[in-house]
Every structure is written in structure tokens, then in C-alpha cells.
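Observations on the model geometry
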Amino acid sequence: MLVKWALLGLSLGLLRVEAGRGRGSPSTTTPAPPPLPGPVDLTLALDRNASSPEQPFTVTKNASAWGEFGWTSTQTSCSSGQAGTHMQAPYHLNEHGWKVDEVPLERLLVAAVLLDVSAEVAANGSFLLTADHLIAWEKKHGGLPDNSVLLINFGTSAHGGARGASRNPSVTTTATPRTTPLNPGLSQGAAVHLTTLGRVVGVGVDLPALDAVGTPRGRGEPAARALMAENVYALLNLDLSRELPAKGFSLLVLPPKVRGAAVAPVRVVATTRSPSPSRAAAAAVLPSTKMAIGTVLCLYLVQRQS
């Protein structure tokens, strides 16, 4: 009889522990990031303000008129692939890398994280993001998700900095009346750190280049080359002026399927990341299933000891 009640007490205790795990505890559960209010467009409008030294965006033909069957409007435009928000496929700096139309679909619908260094850039226009900055972010927010895109907010969107695709932006600071050029960028060491982790499939910035172009440290684009050598693509001239959480959202990356292209315009949309219905259902059912199994085991043991 003593053994029977001991087994019963042990089984009920295990069930209570499992039930507590299913409910979660405020002291041990990491709070989820606040959801986005809805899809957030991170793309700059492609218009004549989105310039490129090779070919500024221009509308060469605009035919709009009322006809026999109603309104019809058609346009013919011409632009460089590097105007406005655009993707640089790995082939841009890697002879054997994927072209725009070859990037796998699973790398275009991805988890995303945001690293905000706008304050550092405001204090130092030549700020260079290093591996130490990435490691510090990971210690604070946790590891980078698999199959993710790292967004880096250098703070240039607030100054319209991403508009000029031919050079890095400039902004007049309050400390001096002269115009101070902003030439931030990603260091080669940071790029190597990301490829070593092997979790990032793309890097997006609010700059026209990943490297600090126009400076000796950006000569040859060492950071971009290190990433593209591992088939990591770049998203450039993003609009990162909208508030985004550090983690907990996803990106939809939609370049046109231009065969053989190294560079192409791209539409980038951020949205709250949620688990698939099957995973959510499994997560909800699992605690109840464990409790049911525990109850059956408890009754079986009690019956055997009777």
C-alpha cells in the first residue's frame, strides 16, 4: 500500500511540473518582441531621384490616354540595376556565385534581425562595423537565426542618404556648420565572422554599398567580396527609417527574375514572423499529450500495486 501511494504521489508531481512547463513562467520565459503593426515596406521608390552614375532612372516613353474602351497607360523606362533599392547577387563579386535568378527561393523568404548603429555613425561619420559589434549584439539578443538576413541601420535613411546610389551620403552636423561626409560601412572582419557562423544568407544596409566606398579601407570591397564568396547577397539602399525590432520578424525579398543578372532592383517587405500552423498546433497539443500519457502510466502503476 505504501508503494502504491508513493508511486501515485510521484506521478502527480511529475504531471504538475509538466503542466507548469506548458503554461510557462514570467520569470523564465523570454518576452516576445512586439509585433509589427503590419507589413513594412523597406524599399525606396524608384524614380528620377534614385540616381546612378551609369544610368539615372528616366521614363523614355509615357503614353496615357482615353480610348474607345477606356483609360490606358503604358511606360518605357531606362535605369541602371543599381538605382534605388537593389540586390547585388553573389555573382556580382564571385565568378561562381548565384545570379539574381539563381538565388534559391528559401533564401528570399527569411528570418531577419536588425543591428542599429545609427548613434555610432552620428558620433563618427567614418564608423566601421566590426566583428566585436556583432558579438556584442549576439550576447544581448541571442544568436542569429538560421537562414536569416542581417539588416544594419547606419542611420542614413533619416537624411535621405540612400537616395544617391553613386556615393555615400552627407549630413550637416550640429557640431560644425560644414557638411561632414558619412562613410560608414562593414569591415572585412565582420563579414568573415558572419560567413563563419554560416547562418546569414543576406546583408541589408541603408547605404549604396556594404563597404565604406570612396575610402582606402573600402578599396576593392573586401567585406562584400568575403560575403559573396559564400553566396551571401547584399540588399542596398534600404529604407530603414521605420521602427523595427531587433529580432522576431521576417523579410520577403522580391527581385525580378532577370536571367543572368548580377544586380537588379528589389522590393523588400518586413512582416512579423510567426510559426507555421502545424508547429503552433504541435506546441499547443504537446503538454496535454504528455499529461494524458502520465495519467495512464499513473493508473497502470497503481493497479499493479493493488
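You'll find the structure just up there.
Basis of the calculations
Residues numbered from 1 in each chain as written. Predicted model: local features only at pLDDT ≥ 70, side-chain atom pairs only at ≥ 80, totals over all residues. Heavy atoms only, no water. Phe/Tyr/Trp six-rings, centres within 6.5 Å; stacked < 30°, edge-to-face > 60°. Buried < 20%, exposed > 50% of the residue type's maximum accessible area, 1.4 Å probe, protein only. Lys NZ or Arg CZ within 6 Å of the ring centre and 35° of its normal. Pairing = 2+ DSSP bridges. Helix = DSSP H or I, 4+ residues; strand = E, 2+ residues; numbered from the N terminus. Salt bridge = Lys/Arg side-chain N within 4 Å of Asp/Glu carboxyl O.

For the structure shown, the criterion picks out 1 aromatic pair. Plain terms: the ring middles of W66 and W71 are 5.7 Å apart, the flat faces sit at 65 degrees to each other, and that makes the pair edge-to-face. Residue W66 is classed as exposed on the basis of its relative accessible area of 68%. Judged by its relative accessible area of 48%, W71 falls in the partly exposed class. If you follow K99 out to its NZ or CZ, it ends over the ring of Y91, 4.2 Å from the centre.

Attention now moves to the sheet that holds strand β7 (residues 148–153). With mixed pairing, the 9 strands of this open sheet are ordered in space as β1-β15-β13-β5-β7-β11-β12-β4-β14. The sheet is open, and its two borders are formed by β1 (40–41) and β14 (263–265), each paired with just one other strand. Bridge count between strand β13 (residues 249–254) and strand β15 (residues 267–272): 6 bridges; the pairing is antiparallel. Bridge pairing in β15 places L252 opposite V269.

This part is about the pattern of salt bridges. Inspection of the entire model under this criterion finds 2 salt bridges. Among the ionic pairs, R267 bridges to D41, the shortest N-O distance being 2.8 Å. Here D41 lies in strand β1 and R267 lies in strand β15, a separation of 226 residues in the sequence. Relative accessible area serves as the criterion here: at 28%, D41 is assigned to the partly exposed category. Two residues, D146 and R199, come together in a salt bridge whose shortest N-O distance is 3.9 Å. With a gap of 53 residues between them, D146 in the loop between α3 (131–141) and β7 and R199 in the loop between α4 (188–197) and β11 (200–205) connect regions that are remote in the sequence. The class of R199 is partly exposed, set by a relative accessible area of 30%.

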